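# Structure assessment
Here is how the chains run, residue by residue.
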Amino acid sequence: DLLQFLYFIGGPPTHMTFNDDVRDLQQNLPENVIAIEASEYNLEVTLLNPCESFTLVFPDGYRDSYPKGEVSAVIYSNYEELRQGRLRDLVGQLIEKVSNSLPKEHTMSSENFNDDEEEEEDDGMIGMPSMEVDYDLPLHPQFLKDVQSVKNRYGPRFIEYEEMKLLDTVVVTLKLELDYLDGSVCRAWGLAPKRENKPLCLKLTFSRTGYTETNKHAVECYQEGREWCGLAGQLTRILKSFFDRVWRNPDGDDDTPDGLRQLLEMGFAEANARDAIEACDGDIARASQFLAEGKKPVRVKAKKDADEGPDQKKRIPKRVHGLLVQIMDYAHFRIRTCSEFCVICDKHHVFSSGAMLKASVCTREMCAFAFQQLKVGADAAQDIATDAGVVDLLVALAKYAANSHRWDLIFDPYPTIFDPENPSKKILHPDKKNIAYVREILTTFPEVRTLLQADVALDMKKEMDKTNKWAYPLLQWIISSNTSHLVKLRPDSGQAVIKSMCTPHQFLMLSASVQKENQFNTLKKQYKTVFAFHGSGSENWHSILRNGLYNASGTKHQVNGAAHGSGIYLSPSASVSYGYSQLGITETGNSRKKPKNDGSMDFISDTSLGCVAICEVIDHDIRRSGDIWVQPHSDHVVTRFFFVFDSVHQPDKYLSTEDKGLCDELRAAIEYFQG
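All of the points below concern the structure found in this document. (Residues numbered from 1 in each chain as written. Predicted model: local features only at pLDDT ≥ 70, side-chain atom pairs only at ≥ 80, totals over all residues. Heavy atoms only, no water.)

Here the focus is the sheet that holds strand β18 (residues 628-631). The sheet built from three strands is open, its strands ordered β15-β18-β17 with antiparallel pairing. Strand pairing shows two members of the sheet lacking a second neighbour, β15 (568-570) and β17 (623-625), which therefore form its edges. With strand direction ignored, the average angle separating the axes of adjacent strands in the sheet is 20°. Examined bridge by bridge, β17 and β18 share three bridges and lie antiparallel to one another. Pairing of R624 across the sheet is with W629, part of β18. (Pairing = 2+ DSSP bridges. Helix = DSSP H or I, 4+ residues; strand = E, 2+ residues; numbered from the N terminus. Axes fitted to C-alpha atoms, helices over the stretch in contact; angles between N-to-C directions.)

Set out below in structure tokens:
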């Protein structure tokens with residue numbers, strides 16, 4: 001009785017523990033909740049309508065820091081982040097999100113649940129409660145206006161719709177023309193080849209008579225003829241979040257960033273909240289902790305231009321020409337920068353060299369869990385089946401980084417792996433690095449050529465589980481954490497190979513985001529470009545593929561000094577870069593052994609490797625000191641090709657990117673892939 005009285009006069013007592021709130025919830029179930037079960041990391045909530053169970057997922061140490069901490073809800077295999085609060089508030093947020101995910105006519109309150117059953121029996125129809133719908137009503141007039149706006153702005157061929165009067169539904173298909181993406185980007189993102197000119201389709205579902213006046217909507221992105229498309233999956237999640245936001249604010253985003261809005265909703269003053277966000281470098285959880293403890297955060301760096309911040313890259317445009325045009329404008333806007341954000345939580349990535357090309361999962365626990373357990377993203381078996389040579393390279397470079405004495409710097413990012421049988425148990429995690437265990441797991445990896453014999457992912461997992469049950473999750477992480485687009489070049493497949501490079505281990509290597517590539521191409525029109533080698537030890541490339549090539553001068557990642565000043569070090573001379581790659585070469589530079597003709601050379605099995613990249617560089621501000629070039633601007637360097645040499649195949653040390661023959665060969669290969 002005292003507990004109920006305290007709730008009545010002002011909410012729960014501040015000293016109540018997690019267990020107290022669980023007991024209170026179980027004794028006083030919220031409306032539409034029929035059962036609540038708690039475990040160490042989860043709260044299982046069973047609803048009356050829909051009659052299903054949903055889960056709240058807690059981070060490590062949540063009970064001790066309760067009610068502070070990030071909490072997510074698992075709703076139909078999707079992770080939804082919740083605002084901080086006590087358990088009753090979190091359950092309320094869960095119920096609201098579940099309700100919003102259902103069509104309005106399918107949501108029934110507990111008061112009329114039995115009445116609907118009686119109506120069904122009277123009608124003689126099972127599962128179809130009577131609804132008074134006037135099927136002769138015309139389409140909502142605003143919908144027809146919005147359709148015409150799309151036709152006026154984009155053209156008639158970019159929209160079509162179909163009515164389903166019995167269900168009071170209209171299905172709209174918006175077609176996005178991706179002419180601003182070149183062929184290599186299309187391949188990296190799982191899209192159809194550029195030459196096929198297939199649009200990305202947005203399939204939207206609305207009430208035909210209510211349109212924006214109801215909460216009935218659904219969205220699906222796809223590309224015809226593609227069973228899997230990474231961009232479509234990511235854009236679907238982005239647009240689901242878009243609908244949640246525009247239904248609250250139809251005129252688009254206000255000027256309040258997501259993180260600031262979250263702190264304001266928690267009751268903090270705007271000035272203090274902005275200072276806390278800046279002082280904590282955008283970490284909202286740490287900023288809220290500072291504010292909750294009454295601390296005055298000190299600014300650690302100058303405020304950036306608002307146009308450069310990640311919130312501006314997610315900004316929803318105002319609805320000037322109707323909802324459908326707003327959706328198309330926003331989709332095109334987000335596609336150009338989608339690789340800068342996590343494919344699951346849509347939070348901004350932080351890369352040393354700026355945005356990368358391939359979409360990836362961020363390092364937050366909930367996202368790592370969702371990828372591993374819910375199979376968000378491509379499966380390892382799919383990658384091995386489509387490009388085993390690339391997977392072979394990624395595994396080899398991961399082993400080099402993990403076995404290096406500098407592993408703490410270069411095995412970056414560090415993997416986050418959960419126990420598949422116990423999702424609350426973390427096997428590997430950046431907060432508690434165990435490199436000896438990583439090395440142990442890596443030694444159990446079978447050769448990639450062996451994994452090719454597995455027909456499906458389940459067979460592959462069983463094969464790897466024979467030696468170590470964490471091997472397959474670690475393989476998935478190695479593949480999914482790579483943010484550079486790699487394509488194995490094979491002469492027998494009609495692809496353009498660089499014949500001057502004496503190795504079969506050749507890869508197209510693109511890491512710049514669409515936005516960075518566009519900026520590079522703009523500079524390319526103003527200044528000419530040149531090609532140059534970049535050599536680095538094999539142990540460093542695991543990190544470079546995930547963080548990009550950047551200026552490490554004066555940082556803890558610097559290895560070889562900076563005698564010629566700060567910047568990215570390059571060379572037109574192959575022999576200079578081979579030295580940086582720690583590759584020993586013979587005087588002749590030719591193969592010392594006769595390679596086997598058994599297909600084994602498609603895979604990397606040598607224990608002594610050397611790696612070099614060929615980059616395209618804006619020929620402006622380059623400091624040239626003989627064969628040592630330094631480009632001070634990271635945005636003026638993009639990777640194009642990657643080569644691996646071993647004891648059998650060794651490079652020609654006299655090769656130079658200033659030779660016209662090699663330059664022509666490189667430009668022809670780039671044009672081939674961009675087309």
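Following the structure, the description resumes.
Moving on, we come to the pairing of β18. Alternating positions in β18 separate into two faces, I628 and V630 on one and W629 and Q631 on the other, with burial throughout. Bridging between β15 and β18 involves three bridges; their strand directions are antiparallel. Bridging across to β18, L570 finds its partner in W629. Here β17 folds back onto β18, and the loop between the two strands holds two residues, one of which, G626, carries a positive phi near 65°. (Buried < 20%, exposed > 50% of the residue type's maximum accessible area, 1.4 Å probe, protein only.)

What follows concerns the packing of helix α15 (residues 388-402) against helix α17 (residues 435-443). Packing of α15 against α17 leaves a shortest axis separation of 10 Å and a crossing angle of 145°. Note that α15 runs across α17; the crossing there is left-handed. Counting all contacts with α15, which are made through A398, K399 and A402, the residues of α17 involved are I435, V438, R439 and L442. Of the residues that constitute the contact of α15 with α17, the class distribution is five nonpolar, no polar and two charged. (Left-handed = near helix turned anticlockwise from the far one by under 90°. Contact = heavy atoms within 4.5 Å. Nonpolar A, V, L, I, M, F, W, Y, C, P; charged D, E, K, R; others polar.)

Okay, the packing of aromatic side chains next. For any pair of aromatic rings, the description consists of the separation of the ring centres together with the inter-plane angle of the planes. All chains considered together, the criterion is met by 18 aromatic pairs. Ring geometry for F18 versus F58: centroids 5.4 Å apart, planes at 85°, classification edge-to-face. You can see F18 sitting in helix α2 (residues 18-27) and its partner F58 sitting in the loop between β3 (53-57) and α3 (62-65), a full 40 residues away along the chain. The buried category is assigned to F18, whose relative accessible area is 3%. F58 gets classed as buried once you look at its relative accessible area, which sits at 2%. With 4.8 Å between their ring centres and 65° between their planes, W541 and F642 make a pair best called edge-to-face. Of the two residues, W541 is situated in helix α22 (residues 541-547) and F642 in strand β19 (residues 637-645); the sequence distance between them amounts to 101 residues. (Phe/Tyr/Trp six-rings, centres within 6.5 Å; stacked < 30°, edge-to-face > 60°.)

What follows covers the pattern of salt bridges. Enumeration according to the criterion identifies 17 salt bridges in this entry. For K198, the salt bridge identified is with E196, shortest N-O distance 3.7 Å. K198 gets classed as partly exposed once you look at its relative accessible area, which sits at 33%. Residue E196 is classed as partly exposed on the basis of its relative accessible area, which comes to 39%. Of the charged contacts, one joins E616 and R640 as a salt bridge, the two residues approaching to 2.9 Å between their closest N and O atoms. Taken together, the positions of E616 in strand β16 (residues 610-618) and R640 in strand β19 put the pair 24 residues apart, joining distant regions of the chain. Residue E616 is classed as buried on the basis of its relative accessible area of 1%. One salt-bridge network, in which partners are shared between bridges, spans E517, K524, E616, R640 and R667. (Salt bridge = Lys/Arg side-chain N within 4 Å of Asp/Glu carboxyl O.)

Bringing the environment of N403 into the picture now. Of note, N403 is situated in the loop between α15 and α16 (407-410). Put simply, N403 and A436 are 33 residues apart on the chain and 9.0 Å apart in space, counted from C-alpha to C-alpha.

In terms of burial, strand β13 (residues 506-510) is largely enclosed, as five of its five residues are buried. The alternating pattern of β13 places Q506, L508 and L510 and F507 and M509 on opposite faces, both of which are buried.

On to the nonpolar core. Membership of the largest hydrophobic core comes to 54 residues, with the highest contact counts inside it found for F411, F445 and F642. For this core, the element with the most residues is α15, which contributes 10 residues. Sequence-distant contacts of F411, defined by excluding residues within four places in its chain, comprise A398, A401, A402, I435, V438, W477 and H542. (Core = buried A, V, L, I, M, F, W, Y, C linked by side-chain atoms within 4.5 Å.)

Further remarks concern the packing of helix α10 (residues 270-279) against helix α11 (residues 284-292). Taken N-terminus to C-terminus, the directions of α10 and α11 make an angle of 130°; their axes are 8 Å apart at the nearest point. What the angle tells us is that α10 and α11 run oblique. Of the two possible hands of crossing, α10 and α11 adopt the one that is right-handed. On α11, the residues touching N272, A273, A276, I277 and A279 of α10 are I284, R286, A287 and L291. Taken together, the residues of the contact of α10 with α11 break down into seven nonpolar, one polar and one charged. (Parallel < 35°, antiparallel > 145°, perpendicular 65-115°, else oblique.)

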